[in-house]
Amino acid sequence: MTVVSRSDPYSTTLDCGLRVVCARRPGAPVVAVVMLYGAGSVRDPSGLSGLAHLTEHMMFRGTTRFADGAIDELTNRLGGANNAMTTNDYTAYYFVFPVESWTVGVEIEIDRMSNCLLDAVAFETERSIAVEERQMLDDEPEAILEEALEKAAYGSHPYGLPIVGLMEDLERATRDDLRRFYETWYAPSNAVLSVAGDVQPDRVLELAGSACASAAPASSRSMPDVSGKAPGRAAPTNVRLSRDSGIARLLVGFRCPEALHEDSPAMELVAAVLGSGRSSRLYRRLVAGTPDVNDVSVDRMLQLYPGLFTVSADLSVGGDLSACEDAIMGELVELAAAGPSVEEVAKAKRLWLMERSLGLESALGLAGHLAFWKFVGGLPAGDEHARRVLAATPDDVARVTGVYLSPESRNSVWMTPETP
Amino acid sequence: MDDSRDTLSAATLGSGLAILAERRPGAGVFSVLLSLEAGSRYDTDERAGLASLAAGLMVEGTASSAGQDLALRVDSLGATLDVSVDYEVCEISLTGLSDRFEDCLRVLGEVVREPRLRTEDLERARRKQLAEIDEDQDDPFTLARNAFLDLVYGAHPRHRPVSGSRDSVSGLGLADVEAFRDAFYVPAGAVLAAVGDLEPQSFVAGAEREFGSWIGRPPSRPRPESPRRAGGRRRFIHKDRKQTHVMLGGIGVARSDPLYPAVSIMDVVLGDSAGFGSRLGRRLREGEGLAYVVESDAASTAGIDPGVVWIYTATSPSRAGRALDVVREELQLLGRRPPSLDELAQARAYLLGRRLREGESCEELAARLVRSERYHLGRDYDSRYADLLASVTRERVQEAAAKLLDPERHACVVVGPSSPWDDH
C-alpha cells in the first residue's frame, strides 16, 4: 500500500519569508489558490476572542485595489469560488478558478495581505454578521457540546475559547483592535501560499514575488512570542447540559498529540479502528449492539498544539448516557490492553488511505493539504506522517491508546433532553 | 473542456438497467452509483417513510452476508457503502480505492440481488429513522423546510417529509418493506454509473455479470397531479432559540421545463452565487448585516415533478421583520425588471465554473451520469451546457422570476421564539 502521489510538489521560501507551494496537475480543469496565515484564534488577544475570525470577514470587504464587493463580483465573473476559514491555529483563504483565470486568485491574495481598507462602516456590519453567527452556534447542539468540551479541556488556553468569539468580546472589539491584529499577523513571513492545478511553478513565483516587493523585511517584523502557549492539562470533568430536544447527546474528549508528534500517525489508526465504518469497534458495540445508541463517530484534530480526540454519540430519549460513556471507556481500555488484530489495522489503513485520497481528489483539497503541512512543519513532515500511518503496527495502536485515551484523562459533556 | 476525463461507455441490459461508465485517469478512487426510482414519491400518507426504511435496510446485510459480515467486507476493501433517499430515488453508492474495484462491484451486486429481510434488522433501521425524525425536530432549518413543503404542496406526495413521521414509521412492518422492494427495486428505470480510474468497457462487462440475473417487473408509476400554487399561506412554529429562521417560496419547475436554464440563472442572480455576490447576499448580509446565512434554491430539486423554490435566512428575532421585507423587495424587483447584462454574464460564468469544479469528484461525476440518463439530457450535455446558458436572455430570466418569485403567491414558514407577524 502506498500513498497516492501524482507528482512531487514544488516548494520554496521567498526572501520576505512567504512560503510557497505548487502542485502540478496537468489537464486539471481548475486551479486552487490557498493563502494560509498563522493567525488563528490562538492569536486572539486576551478579552478579544473572535478577533481572528472577524478579521477573516473583513478581508472580503475591500482593499485599495478591489472595492468592497469586488472580490465576490470578480470571482463570479470568472467562474470561480471563494471562501475562508478560521481555525485554532490558522486562517485560510481560498479561490478556485477555471485554469485560464487562476492568476487573479493570487493577485487578490497578495493585495489583501497588506492593503485591506478595514472600513469603519463595513466593520460594524461584519460585527453584526458575526453576532448572528454567534447566535446560530448557540442554537446548534453540536456546537454547544464542542464549545463546552473545549472549555473544559483547555481552560484558559485560547483553544478553550470559541473561534467565533464570546458575545461580550464581539461587542467589545474595536476597529483599532482589528487593525492591530491585521498589521501584526498578516505578513509574508507568517503566510503560506499554496497553488494546485495545471500551473507552472515559475508563474506562481513570479506573482508571489510582488508580495515581497511591498512587504517589510521579515526580520523587521515584530510578532509576539507564542511559544509558551502550548496548553497544559485540564482536570477531568463531566459537564451536564439540557435542551428541549428529542435525543440525548454525548461528547467525550481526550488531549491527543500535536501534528508533528511521533505518536500522531498511530492516533489516526486508533480513530479508524474505533470509528471508521460499520465494522468499527464502537459501531459494533454501541449502534449494532445496543438498542439506545443511534449513531457514534470519532474525530481527531491535527493541530500545532495538542488537539482533541473525540467520540460523540446520539441516543434515543431515555438512553443511558452514563452506560454509553462506560461502554466507550471499556472499548478504549480493551484496545489498549489487548491491541487490535493485524487484520483490523490493515483495514484501518485502507480506510484512512481512502479518506485521504478523497480529500486530495480536488485541487482545493490538495492545495489545502499542502498549505497545512507547510505551515505546521514542512511538506516532508506531511509525507512522513503518511508513511508512518501506513507503517504503524498493532502494538503502536495499543500503546498510543493507553497513553492518550485513558479514562482518567477524559473530559465529557452530556446533553439530556429536558422533561416538558 | 476537462482533459482529466476520458472514455464513456454505455449499455442497457434486457432487464432495462442502464449502465454508464467513465474513465478518470489517475483518480486513485472510484465511485459507483446505483439509482433506483424508489423515492418517497411512492409512499402513501399512511406509510410515509417507507421508501426511506426500505433503503436503510439495504446496508443491513445480504442473504449470504449477515450485517456485520457485510460491513467487514466493505470496510476491509477500504470502501464506503452508503444509501440515500430523496423524493424521487433511492441511491446506493460504493466509493473506494481503485485497486479493489472489481471486489466492490461484486459486493454491490450482492446487495442488490440478495437483499435480506429480518425483524431485528428492521427494528434497527426503524430506530435509526425515528432518531433522525427526532433530530429533525431539533434543527430549525429542517423543521422550517418540512413545514414549508407541507404548506406548498398540499395533497401532492412531495408534501411529506422523506423520512415520514413517528406515527407512520412506527406502523411499518416487514410486509410493507417487502412489497415496496418487490414493486420498486427493479432494473427497469434503474441506472448504474461508475467513474474512476477504471476501464469503462470492463466495468460494463462486470456490471452485466453482477446484475444480469437481476430481474423484476416494471412497476406502475402513476404520475401525481400537478401541485397547486401555494397562495400566500404562512405558518409560525414556536421554538425557544436565539435566532428566527425564515423560509419562503413556492413551487418551481420540473427538470424538463424549457424554463429550467433560465431558472438556474435566476437562482444565481438571486441568492446562490460565489461568496455573497448575489442580490440577497449583497443586500441582506453585506449591506445590512441582518444575517450570517442567506441563500436561495430554485434548481436543485427540479426533477420529474416540479421542484421547489425557496429562500432561507436566519436572523435575530427583532430583525426578522426587516429581513422578510428585504427579501420580498428583492423578489418583486427581479420579477418586474430583468437582470442587467452584466449580472447575466456573471451568472453564466459562475454556473460554468461550478460545473468544472464539481467535475473534480468521481462521486459527483457518477451522479451526473445518472442525471443525464434519468432526465434524458443526452450524453453530450456537458459540451452543450455553455450554449444552453448562452441562449438564456435577460427577459427569459425575468419571465422565470415573474412566474416563480411573486411573494404574494408564496408560502412562508417562520421558526423561532416569536412571530414576526405579531407586529408586522
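Residues numbered from 1 in each chain as written. Chains lettered and ligands numbered in written order. Predicted model: local features only at pLDDT ≥ 70, side-chain atom pairs only at ≥ 80, totals over all residues. Heavy atoms only, no water.

**As for the side chain of Thr-315 of chain B**
Thought 1: Along the chain, Thr-315 of chain B falls in strand β10 (residues 308-315).
Thought 2: Note on Thr-315 of chain B: relative accessible area 0%, which makes it buried.
Thought 3: What Thr-315 of chain B contacts, discounting residues up to four positions off in sequence, is Glu-132 of chain A together with Gln-243, Thr-244, Leu-290, Ala-320 and Ala-323 of chain B. (Helix = DSSP H or I, 4+ residues; strand = E, 2+ residues; numbered from the N terminus. Buried < 20%, exposed > 50% of the residue type's maximum accessible area, 1.4 Å probe, protein only. Contact = heavy atoms within 4.5 Å.)

**Quick notes on the packing of aromatic side chains**
Aromatic ring pairs are reported here in terms of the distance separating the ring centres and the angle at which the planes meet.
Thought 1: For the structure shown, the criterion picks out 20 aromatic pairs over all chains.
Thought 2: Pairing Phe-60 of chain A with Tyr-93 of chain A gives two aromatic rings, centres 6.2 Å apart and planes at 45°, and the pair type is tilted. With Phe-60 of chain A in the loop between α1 (51-58) and α2 (70-77) and Tyr-93 of chain A in strand β5 (residues 91-98), this residue pair connects regions lying 33 residues apart in the sequence. Like Tyr-93 of chain A, Phe-60 of chain A is buried.
Thought 3: A centroid spacing of 4.8 Å and a plane angle of 50° characterise the contact between Phe-180 of chain B and Phe-184 of chain B, whose relative ring orientation is tilted. A residue pair is termed a helical-turn pair when its members lie 3 or 4 positions apart in one helix, as Phe-180 of chain B and Phe-184 of chain B do in helix α7 (residues 174-184) at four residues.
Thought 4: What links up through ring pairs into an aromatic cluster is the set Tyr-37, Phe-60, Tyr-93, Tyr-182 and Tyr-186 of chain A.
Thought 5: Directly above the ring of Phe-276 of chain B sits Arg-285 of chain B, whose terminal nitrogen or CZ lies 3.7 Å from the centroid. (Phe/Tyr/Trp six-rings, centres within 6.5 Å; stacked < 30°, edge-to-face > 60°. Lys NZ or Arg CZ within 6 Å of the ring centre and 35° of its normal.)

**Section: the sheet that holds strand β11 (residues 411-416) of chain B**
All names here are of chain B.
Thought 1: An order of β7-β11-β8-β10-β9 is seen for the five strands of this open sheet, with the pairing classed as mixed. Edge strands, defined here as strands with exactly one partner in the open sheet, are β7 (234-238) and β9 (294-297). Across the sheet, the mean angle from the axis of one strand to that of its neighbour is 10°, orientation sign disregarded.
Thought 2: Bridge count between β7 and β11: five bridges; the pairing is parallel. Counterpart to His-238 in the pairing with β11 is Gly-416.
Thought 3: The strands that helix α5 (residues 140-153) touches are β7, β8 (244-251), β10 and β11; relative to β8, the one it contacts most, it runs at about 30°.
Thought 4: Here helix α11 (residues 320-336) sits on the sheet and contacts β8, β10 and β11; the angle it forms with β8, its principal contact strand, is near 25°. (Pairing = 2+ DSSP bridges. Axes fitted to C-alpha atoms, helices over the stretch in contact; angles between N-to-C directions.)

**Side note on the interface of chain A and chain B**
Thought 1: At the interface, 60 residues of chain A touch 66 residues of chain B.
Thought 2: When chain A packs against chain B, close to 5200 Å² is buried across both sides, 49% of that on carbon and sulfur atoms.
Thought 3: Of all residues in chain A, Asn-76, Arg-278 and Arg-350 of chain A give up the largest surface area on contact with chain B, accounting jointly for 14% of the area buried on that side.
Thought 4: Applying the counting rule to chain A against chain B returns ten salt bridges.
Thought 5: Measuring nitrogen to oxygen at the nearest pair gives 3.9 Å for the salt bridge that ties Arg-61 of chain A to Glu-286 of chain B.
Thought 6: Scanning the region where chain A abuts chain B turns up 34 residue pairs in polar contact (both at pLDDT 80 or more).
Thought 7: Per element, the largest residue contribution to the side of chain A that touches chain B is ten residues, and it comes from helix α4 (residues 120-139) of chain A. (Buried area = accessible area lost by both parts, 1.4 Å probe. Salt bridge = Lys/Arg side-chain N within 4 Å of Asp/Glu carboxyl O. Polar contact = N/O pair within 3.5 Å; in protein donor to acceptor, adjacent residues only side chain to side chain.)

**Topic: the confidence of the model for chain A**
Thought 1: On average, residues of chain A score 93 in pLDDT, and 93% of them reach the 70 mark or higher.
Thought 2: Note on residues 2-6 of chain A: pLDDT under 50 across the span, and eleven contacts to partners over four residues away in sequence or across chains. (pLDDT = per-residue confidence, 0-100.)

**Re the packing of helix α10 (residues 279-287) of chain B against α11 of chain B**
What describes two packed helices is the angle between their axes and the distance between those same axes.
Residues and elements named next belong to chain B.
Thought 1: Interaxial distance between α10 and α11 falls to 10 Å at its minimum, and their mutual angle equals 155°. Considering the angle they form, α10 stands roughly antiparallel to α11. As for the relative orientation of α10 and α11, their crossing is right-handed in sense. Contacts from Arg-279, Leu-280, Arg-283 and Leu-284 of α10 reach α11 at Arg-322, Ala-323, Val-326, Val-327, Glu-329, Glu-330, Leu-333 and Leu-334. (Parallel < 35°, antiparallel > 145°, perpendicular 65-115°, else oblique. Left-handed = near helix turned anticlockwise from the far one by under 90°.)

**Overview of the domain arrangement of chain A**
All names here are of chain A.
Thought 1: For chain A, the assigned domains read domain 1 (10-220) and domain 2 (237-417).
Thought 2: Averaged C-alpha coordinates put domain 1 and domain 2 at centres separated by 28 Å.
Thought 3: On the side of domain 2, 35 residues touch domain 1, which itself brings 35 residues to the contact.
Thought 4: Buried area between domain 1 and domain 2, summed over both chains or domains, comes out near 2900 Å², and the portion from carbon and sulfur atoms is 71%.
Thought 5: The largest share of the area that domain 1 buries against domain 2 comes from Arg-25, Leu-145 and Leu-149, three residues that together contribute 22% of it.
Thought 6: Where domain 1 touches domain 2, the interface holds zero salt bridges.
Thought 7: In this assembly, domain 1 and domain 2 are joined by twelve residue pairs in polar contact (both at pLDDT 80 or more).
Thought 8: Of all the secondary-structure elements, those providing two or more residues to the side of domain 1 that touches domain 2 are β1 (10-13), β2 (19-24), β3 (30-37), β5, α5 (141-154) and β6 (191-197).
Thought 9: With eleven residues, the single largest contributor to the side of domain 1 that touches domain 2 is α5. (Domains from an automatic or database assignment.)

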